[in-house]
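Here is what each chain is made of, one letter per residue.
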Amino acid sequence: MSGSEPLLRVEGLEKYYESESDFIDRLLGRQKKVKAVDDVSFEIHEGETLGLVGESGCGKSTIGRSILQLRKPTAGSVYFKGQDITTLSDSDLRDLRKEMQIIFQNPQSSLNPRLTVNDIIGEALDIHGIEGDVSRDARIKDLLERVGLNASHANRYPHEFSGGQLQRIGIARALAVDPEFIVCDEPVSALDVSVQAQILNLLEDLQDELGIAYLFIAHDLSVVEHIADQIAVMYLGKIAEIGTPEELFAPPQHPYTEALLSAIPEPDPLWDGDRILLEGSVPSPIDPPSGCKFHTRCPRVIPPSDYEFEQEEWRAVMSLRHRAREEDIAVETFDDGAPMEALREELDLPSTLSDPEAERVVQEALRSVADEEFGDAESLLSETFDTPCSTDKPVLRETDAGRVACHLFDPAYEAGPNDGTTTGDGPAAGSAASGDD
Ligand SMILES: Nc1ncnc2c1ncn2[C@@H]1O[C@H](COP(=O)(O)OP(=O)(O)OP(=O)(O)O)[C@@H](O)[C@H]1O
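A few points on the structure. If you're wondering where the values come from, they're calculated on a predicted model, not measured in any experiment.

Rules behind the numbers
Residues numbered from 1 in each chain as written. Predicted model: local features only at pLDDT ≥ 70, side-chain atom pairs only at ≥ 80, totals over all residues. Heavy atoms only, no water. Pairing = 2+ DSSP bridges. Helix = DSSP H or I, 4+ residues; strand = E, 2+ residues; numbered from the N terminus. Axes fitted to C-alpha atoms, helices over the stretch in contact; angles between N-to-C directions. Buried < 20%, exposed > 50% of the residue type's maximum accessible area, 1.4 Å probe, protein only. 1 Å grid on protein atoms, 1.4 Å probe; cavity = no way out; pocket = protein on both sides within 12 Å on 5 of 7 lines; lining within 4 Å. Points joined across faces, edges and corners; volume = space filled by probe spheres on them. Nonpolar A, V, L, I, M, F, W, Y, C, P; charged D, E, K, R; others polar. Near = heavy atom within 4 Å. Polar contact = N/O pair within 3.5 Å; in protein donor to acceptor, adjacent residues only side chain to side chain. Parallel < 35°, antiparallel > 145°, perpendicular 65-115°, else oblique. Left-handed = near helix turned anticlockwise from the far one by under 90°. Contact = heavy atoms within 4.5 Å. Phe/Tyr/Trp six-rings, centres within 6.5 Å; stacked < 30°, edge-to-face > 60°.

To continue, consider the sheet that holds strand β3 (residues 49-53). As summarised here, the arrangement of the eight strands in space is β6-β7-β8-β3-β9-β10-β12-β11, forming an open sheet in which the pairing is mixed. Whereas interior strands pair on both sides, the edge strands pair on one side only; in this sheet they are β6 (100-103) and β11 (397-399). Each strand of the sheet is rotated relative to its neighbour by a mean of 25°, with strand direction disregarded. Judged from the three bridges that link them, β11 and strand β12 (residues 402-404) form a sheet pairing that is antiparallel.

Structural data, given as structure tokens:
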């Protein structure tokens, strides 16, 4: 990566949406915010690609649209060629759109079915008043050939093309204005696997020829693995880890990156371990978990230093705590026979924990759950078992291999994988809960 001023610099970007709420909530001012993007920073250099990866709903599209100012950021700055574009007037933004374009996931719905290809691409040229010394038709012909389409098909309509061809038209439309930067918002996710590679190759070739920078959004690491100069892994509106593909994969550091990598369907030379199945689903961005947002699902969540937990036992106790918080245990289904055993099985809790004192506390919490006293169970578990993962927000820290936002890689916690010790003077010790609200 070059050390020069980046083409694009995103700093502390936040985008909060109003949540859908009912009339009473609005009347009482109880409307909540959807924290779609929460303090995100990164840079993209000229001619380079940043791959942005994460599960559905983690905020990838919102970042792409906030950069282009199609969504107004709630906070933060977006510098394009050194200028903060979040403060530009509408007319300045219109001019800027010549330099910053977007390619959408679904070419079927992003191309007007009533226009010919000639008109679709010509429209982009007209909007930006691009004429130049070559004629409009010649320019359109050149663009179609550049994206691998037959220029004689310019008078056809979108329904006459395959999905891959439509995406090529979408790319030609974006190229029409000679952009320096393109947000590629899952441009291959809707395409057949055989076509995906062709479109990825086309985007790479165009980058080599024209020096365009891409923000390449994908939910699958394998898609960006080969084309990205840097990859940012996102979870619930935040960047968990960012680095070059080599840094990110050899070996992955953040437990979430590890899980994503293990989920790549085909055997991947970068991962030879078992598939890591994450528990539960991504929590709501309206009320995200405190501390590290991933802690409610993290297989390597740091155990409390004063109890002897096996890592898997501790994961199960954290899940019990999370599900008690969410009141997400259907107690009535455990009424018959031996409810405690059934509960433990449901929660993946072994019949006895290794640490007798921890076992006593968990039994008490389970009794509260059985009585549907979820709040009591949650309080008991969180007051007894202390983990920095649920109290302290991790920050992106420089490591030998990229930047990682995880307490496991923060010397202040002195915690290696499966080693839950914390230092007495680190932020973990006695730090106040720092929820996201
Ligand atoms: N206009 C909106 N109003 C309210 N909430 C929204 C709006 N747009 C997006 N969201 C919410 O913001 C969060 C992030 O959405 P976003 O589409 O950016 O995620 P994503 O990672 O791109 O997901 P996907 O891969 O499914 O497109 C989600 O919880 C989504 O429901």
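The rest of the description comes next.
The next thing to look at is helix α2 (residues 60-67). Here α2 lies mainly inside the structure; seven of its eight residues are buried. For α2, the complete set of buried residues consists of Lys60, Thr62, Ile63, Gly64, Arg65, Ser66 and Ile67. Backbone geometry just downstream of α2 places Gln69 in the positive-phi region, at approximately 65°.

Another point: empty space enclosed by the protein. Applying the stated rule across the entire model yields two cavities of 30 Å³ or more. Taken as a whole, the largest cavity encloses approximately 80 Å³ of empty space. Along the walls of the largest cavity sit His254, Pro255, Cys292, Phe294, His295, Cys298, Arg300, Val301, Cys389, Cys406, His407 and Leu408, which together make up its complete lining. Taken together, the residues of the lining of the largest cavity break down into eight nonpolar, three polar and one charged. At the level of secondary structure, the elements contributing two or more residues to the lining of the second largest cavity comprise β6, α4 (107-110) and α7 (163-175). With three residues, α7 is the single largest residue contributor to the lining of the second largest cavity. Taken together, the residues of the lining of the second largest cavity sort by class into four nonpolar, three polar and one charged.

Okay, the site of the ligand next. Around the ligand sit 14 residues, and of these Ser56, Gly57, Lys60, Ser61 and Thr62 come closest. Here an oxygen atom of the ligand and a backbone polar atom of Ser61 are 2.8 Å apart. Elements that contribute at least two residues to the shell around the ligand include exactly β1 (8-18), β2 (33-44) and α2. The biggest single contributor to the shell around the ligand is α2, with three residues.

Okay, the environment of Glu225 next. By secondary structure assignment, the location of Glu225 is in the loop between α9 (221-224) and β9 (230-235). Glu225 sits 174 residues away from Gly51 along the chain, and the two C-alpha atoms are 8.2 Å apart.

Once that is clear, we can look at the packing of helix α5 (residues 117-127) against helix α6 (residues 136-146). The contact between α5 and α6 brings their axes to 10 Å, and the two run at 110°. Of the possible angle classes, the one that applies to α5 and α6 is roughly perpendicular. For α5 against α6, the interelement crossing comes out right-handed. Touching Val117, Asn118, Ile121, Gly122, Glu123, Leu125 and Asp126 of α5 are Arg136, Asp137, Arg139, Ile140, Leu143 and Leu144, all from α6. Of the residues contributing to the contact of α5 with α6, the split by class is six nonpolar, two polar and five charged.

A word on unusual backbone geometry. The linkage connecting Ala250 with the following residue, Pro251, adopts the cis geometry, with an omega of -20°. In this fold, Pro251 is placed in the loop between α10 (245-249) and α11 (255-262). Here the phi dihedral of Asp39 falls at roughly 65°; this positive angle occurs in a residue that is not glycine. Within the secondary structure layout, Asp39 lies in strand β2. The class for Asp39 is partly exposed, based on a relative accessible area of 45%. A positive phi angle, near 50°, is found at Glu327, a position not held by glycine. Mapped onto the secondary structure, Glu327 falls in the loop between α12 (311-325) and α13 (339-346). Here Glu327 falls in the exposed class, since its relative accessible area comes to 56%.

Summed over all chains, the structure comprises eight aromatic pairs. Seen from their ring centres, Tyr307 and Phe309 are 6.2 Å apart, and the 40° between their planes marks the pair as tilted. In this structure, Tyr307 and Phe309 share a single accessibility class: buried. On the numbers, 5.3 Å between centres and 80° between planes, the contact of Phe309 with Phe385 is edge-to-face. One end of the pair, Phe309, is in the loop between α11 and α12; the other, Phe385, is in the loop between α15 (374-384) and α16 (388-391), and 76 residues separate them in sequence.

The next thing to look at is the side chain of Asp410. Summarising the element assignment, Asp410 is placed in the segment after β12. Residue class for Asp410 comes out buried when judged on its relative accessible area of 10%. Among the polar contacts made by the side chain of Asp410, one reaches the main-chain amide nitrogen of Ala412 at a distance of 2.9 Å.

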